Amino acid sequence: MDREERGEDSKGSSDQSLQTSVDWRGRPCKPNRHGGMTAALFILGLQAFEMMAIAGVGNNLITYVFNEMHFPLSKSANTVTNFVGTVFLLSLFGGFLSDSYLGSFWTMLIFGFLELSGFILLSIQAHVAELRPPKCSMGSPTGGCEEAKGYKAWIFYGALYLVALGSGCLKPNIISHGADQFPKHDSKQSKKLSTFFNSAYFAFCTGELLALTLLVWVQTHSGMDVGFGVSAAAMAVGLICLISGSLIYRNSPPRGSIFTPIAQVFVAAISKRKQICPSNSEMLHRAEILDTQNPSGTISNNVTLIHTEKFSVSQVEQVKILVSVVPIFACTIIFNTISAQLQTFSVQQGTSMNTNLTPNFRIPPASLQSIPYMMLIFVVPLYETAFVPLARRITGNDSGITPLQRVGIGLFIATFSMVSAAIIEHKRRNSALKLNERLSIFWIAPQFLIFGLSEMFTAVGLIEFFYKTINTRDAVVPDSHDLLFVFIWILSELPFGFFGEQGDFKQLGRWLAE
């Protein structure tokens, strides 16, 4: 087979891989009926309501664990950050199930109901006094509050990690399934991919804002049981949104896991590390045959081998993609440590400040996290409608700026969030120790605002970069791209749950030392 024929076969295989999307009955999708922004809107509805549900639990979870479960402050912070870290770890499991067995839609549907059951169980425990320790003030100088143990702790952890399992398997599939509604072989649809990522972040901000205002207010004034119940209702509405669009989704059928071929590449690389690489890459697809009719027994001719997906350079390309994103992963370690700081100890810091907005109204400290999302509700649409078109004229890039440029800008801005946090904490301590005064809680608002702006650049840039990194090589790596996307996304997000575990940078230092 000559080179032209092999090239045509490769092209045909690539084109075929682009047409693998099917409808809910397993039939090939029709461009005018399936996918596009209409289908993506239902997925964005799930994104907004699921985020509202889990953020309503997660953002005020440290207060519930500390005041109701009576865990010490350090253990409460560990519980929250371990919960978040587990969500991201389980995202890998969700991607594996989606690619290998279930597909994105069924993975989201099944684990969405598991997440809903976790919210319901949390609400029941928060409502039934017999399932919690006796009421006690953890701020009392006498102490002596009974910590939740035995079946009470088991119910709490069981409910919490049902939520983690459901959300972890749901989150990566929301993004990948939404992006799959814009086929890259359709130039009009593929240009809308960046708009979808910005819209997904807008939906994320909307859900967070509702959780940090409405849900936190409900939890503070009506009780955590009602708050968890509202989270369960929001999750149910999100699942209704997902099911409502099932007739028009473009679905990618299961295509296998990436772990086996990646392991094969490393094993082959180690076992063949002393072999010399041929100078001509065409020789990778050739085999030399011994001429038995030649008395000297020399090698007489070459036979070109057809390129196959099994034990081929495609597996090497998958590993190269993973290796290429390691520097990006390293850049996000400190970024996610900052995020963990703001969601745990900055909230607890707010409880020691003056929370009175008026003589009769107090601001729940957890609601401080709503400040950046109030800003982003307006900034994200402005970015999409004003900045992107202007930048597009200058750079010629469909997204305005490249994903890596967006990530770099976000990481640079994030540093000033911790500068602000350090300055305000110094001022707060001096006021408390020397002047016996409590600063207004609004003094810690700037660090949330700065980090919110940073997150708009970094979070969306990372997702777009990871998705495009895989799909620009899709002619070479047509299988398991959803799981590969999930895997490298988790590499950047795992530090959020575990490096912030102790509330400072010591845990990060220990991890790097080990």
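Below: a short report on this structure. Since the model is a prediction, treat every value here as computed from it, not as a measurement.

**Considering the overall build of the chain**
Part 1 of the argument: Scanning the chain for helices and strands turns up 18 helices and 4 strands.
Part 2 of the argument: Here the chain holds 514 residues, and the buried ones make up 50% of them.
Part 3 of the argument: Expressed as a percentage of contacts within the chain between residues at least 6 apart in sequence, the contacts between residues at least 24 apart total 79%.
Part 4 of the argument: A total of about 24400 Å² of accessible surface is found on the chain, and carbon and sulfur atoms cover 64% of it.

**Brief notes about helix 9 (residues 224-244)**
Part 1 of the argument: The terminal C-alpha atoms of helix 9 lie 30 Å apart, and with 21 residues this matches the ideal 30 Å at 1.5 Å per residue to within 8%.
Part 2 of the argument: Among the residues of helix 9, those classed as buried are Met224, Asp225, Gly227, Phe228, Ser231, Ala232, Ala234, Met235, Gly238, Leu239, Cys241 and Leu242.
Part 3 of the argument: Looking at the buried side of helix 9, the elements it contacts are helix 2 (36-58), helix 3 (61-67), helix 5 (104-127), helix 6 (151-179) and helix 8 (193-222).

**Some details on helix 14 (residues 370-395)**
Part 1 of the argument: The sharpest bend along helix 14 comes to roughly 40 degrees, located at tyrosine 383.
Part 2 of the argument: Within the sequence span of helix 14, burial applies to Ser370, Ile371, Pro372, Tyr373, Leu376, Ile377, Val380, Tyr383, Glu384, Val388 and Ala391.

**Structural notes on the packing of helix 2 against helix 8**
Part 1 of the argument: Running from N to C, helix 2 and helix 8 cross one another at 30 degrees; their axes reach a closest spacing of 7 Å. The two elements helix 2 and helix 8 cross, and the hand of that crossing is right-handed.

**A short note on the packing of helix 5 against helix 6**
Part 1 of the argument: Interhelical geometry of helix 5 versus helix 6 gives an angle of 150 degrees and a closest axis separation of 7 Å. One element, helix 5, and the other, helix 6, form an angle in the roughly antiparallel class. As for the relative orientation of helix 5 and helix 6, their crossing is left-handed in sense.
Part 2 of the argument: Residue composition of the contact of helix 5 with helix 6, grouped by class: 16 nonpolar, 11 polar and 2 charged.

**Notes on the nonpolar core**
Part 1 of the argument: The biggest cluster of nonpolar side chains holds 76 residues, and the ones touching the most others in it are Leu61, Phe83, Phe156, Phe197 and Tyr201.
Part 2 of the argument: With near-sequence residues (within four places) excluded, phenylalanine 197 lies in contact with Ile175, Ala179, Val460, Ile463, Glu464 and Tyr467.

**Here's the deal with the pattern of salt bridges**
Part 1 of the argument: Taken as a whole and assessed by the stated rule, the structure comprises 3 salt bridges.
Part 2 of the argument: Lysine 171 is paired through a salt bridge with glutamate 50; the nearest N and O atoms lie 3.3 Å apart. With a gap of 121 residues between them, lysine 171 in helix 6 and glutamate 50 in helix 2 connect regions that are remote in the sequence. Taken as a pair, lysine 171 and glutamate 50 share a single burial class, namely buried.
Part 3 of the argument: As a salt-bridge pair, arginine 428 and glutamate 425 come within 3.0 Å of each other at their nearest N and O atoms. With arginine 428 and glutamate 425 both in helix 15 (residues 403-434) and 3 residues apart, this pair spans about one turn of that helix.
Part 4 of the argument: We classify arginine 428 as buried; its relative accessible area is 17%.

**Some words on unusual backbone geometry**
Note: most residues except glycine have negative phi, and most peptide bonds are trans.
Part 1 of the argument: Phi is positive for histidine 70, close to 60 degrees, though the residue is something other than glycine.
Part 2 of the argument: With a relative accessible area of 3%, histidine 70 lands in the buried category.
Part 3 of the argument: With phi around 55 degrees, asparagine 436 is a residue other than glycine that occupies positive phi space.
Part 4 of the argument: Residue asparagine 436 is classed as exposed on the basis of its relative accessible area, which comes to 71%.

**Comments concerning the side chain of serine 167**
Part 1 of the argument: Within the element layout of this structure, serine 167 appears in helix 6.
Part 2 of the argument: Owing to a relative accessible area of 0%, serine 167 belongs among the buried residues under this scheme.
Part 3 of the argument: Filtering out sequence-adjacent residues up to four positions away, serine 167 remains in contact with Glu50, Ile54, Val87 and Glu115.

**Description of the packing of aromatic side chains**
Part 1 of the argument: Scanning all chains against the criterion turns up 18 aromatic pairs.
Part 2 of the argument: Centre to centre, the rings of phenylalanine 105 and tyrosine 249 are 6.0 Å apart; their planes meet at 50 degrees, and the pair counts as tilted. Taken together, the residues span a long stretch of sequence, with phenylalanine 105 in helix 5 and tyrosine 249 in the loop between helix 9 and helix 10 (259-271) at a distance of 144 residues. Like tyrosine 249, phenylalanine 105 is buried.
Part 3 of the argument: What links up through ring pairs into an aromatic cluster is the set Tyr64, Phe71, Phe156, Tyr157, Tyr161 and Phe228.

**Some words on a nonpolar patch on the surface**
Part 1 of the argument: Where nonpolar side chains cluster on the molecular surface, the patch consists of Tyr101, Leu102, Trp106 and Ile110 and spans about 430 Å² of accessible area.
Part 2 of the argument: Breaking the nonpolar patch down by element, the ones donating at least two residues are helix 4 (73-102) and helix 5.
Part 3 of the argument: Position of tyrosine 101 among the secondary structure elements: in helix 4.
Part 4 of the argument: The exposed category is assigned to tyrosine 101, whose relative accessible area is 57%.

**Thoughts on the side chain of asparagine 173**
Part 1 of the argument: By the element assignment, asparagine 173 lies in helix 6.
Part 2 of the argument: For asparagine 173, a relative accessible area of 1% translates into the label buried.
Part 3 of the argument: Once residues lying within four places of it in the same chain are set aside, the contact partners of asparagine 173 are Gly94, Gly95, Ser98, Ser104, Thr107, Met108 and Gly178.

**Things to note about the environment of phenylalanine 345**
Part 1 of the argument: Topologically, phenylalanine 345 is positioned in helix 13 (residues 345-350).
Part 2 of the argument: Relative accessible area serves as the criterion here: at 29%, phenylalanine 345 is assigned to the partly exposed category.
Part 3 of the argument: When the C-alpha positions of phenylalanine 345 and leucine 73 are compared, they lie 9.5 Å apart, and in sequence the two are 272 residues distant.

**Thoughts on the environment of serine 98**
Part 1 of the argument: Counting through the fold element by element, serine 98 comes out in helix 4.
Part 2 of the argument: In this structure the C-alpha to C-alpha distance between serine 98 and methionine 108, which are 10 residues apart in sequence, comes to 8.8 Å.
Part 3 of the argument: Setting aside chain neighbours within four positions, we find serine 98 in contact with Gly103, Ser104, Thr107, Asn173 and Pro254.
Part 4 of the argument: A polar atom in the side chain of serine 98 sits 3.2 Å from the backbone nitrogen of serine 104.

Procedures and definitions
- Residues numbered from 1 in each chain as written.
- Predicted model: local features only at pLDDT ≥ 70, side-chain atom pairs only at ≥ 80, totals over all residues.
- Heavy atoms only, no water.
- Helix = DSSP H or I, 4+ residues; strand = E, 2+ residues; numbered from the N terminus.
- Buried < 20%, exposed > 50% of the residue type's maximum accessible area, 1.4 Å probe, protein only.
- Contact = heavy atoms within 4.5 Å.
- Areas by Shrake-Rupley, 256 points an atom, 1.4 Å probe, with all protein chains shown as cover.
- Expected span 1.5 Å × (residues − 1).
- Bend = angle between axes of the 7 residues up to and from the residue.
- Axes fitted to C-alpha atoms, helices over the stretch in contact; angles between N-to-C directions.
- Left-handed = near helix turned anticlockwise from the far one by under 90°.
- Parallel < 35°, antiparallel > 145°, perpendicular 65-115°, else oblique.
- Nonpolar A, V, L, I, M, F, W, Y, C, P; charged D, E, K, R; others polar.
- Core = buried A, V, L, I, M, F, W, Y, C linked by side-chain atoms within 4.5 Å.
- Salt bridge = Lys/Arg side-chain N within 4 Å of Asp/Glu carboxyl O.
- Phe/Tyr/Trp six-rings, centres within 6.5 Å; stacked < 30°, edge-to-face > 60°.
- Patch = residues over 30% accessible without salt bridge, like charges linked within 9 Å, V, L, I, M, F, W, Y side chains within 5 Å.
- Polar contact = N/O pair within 3.5 Å; in protein donor to acceptor, adjacent residues only side chain to side chain.

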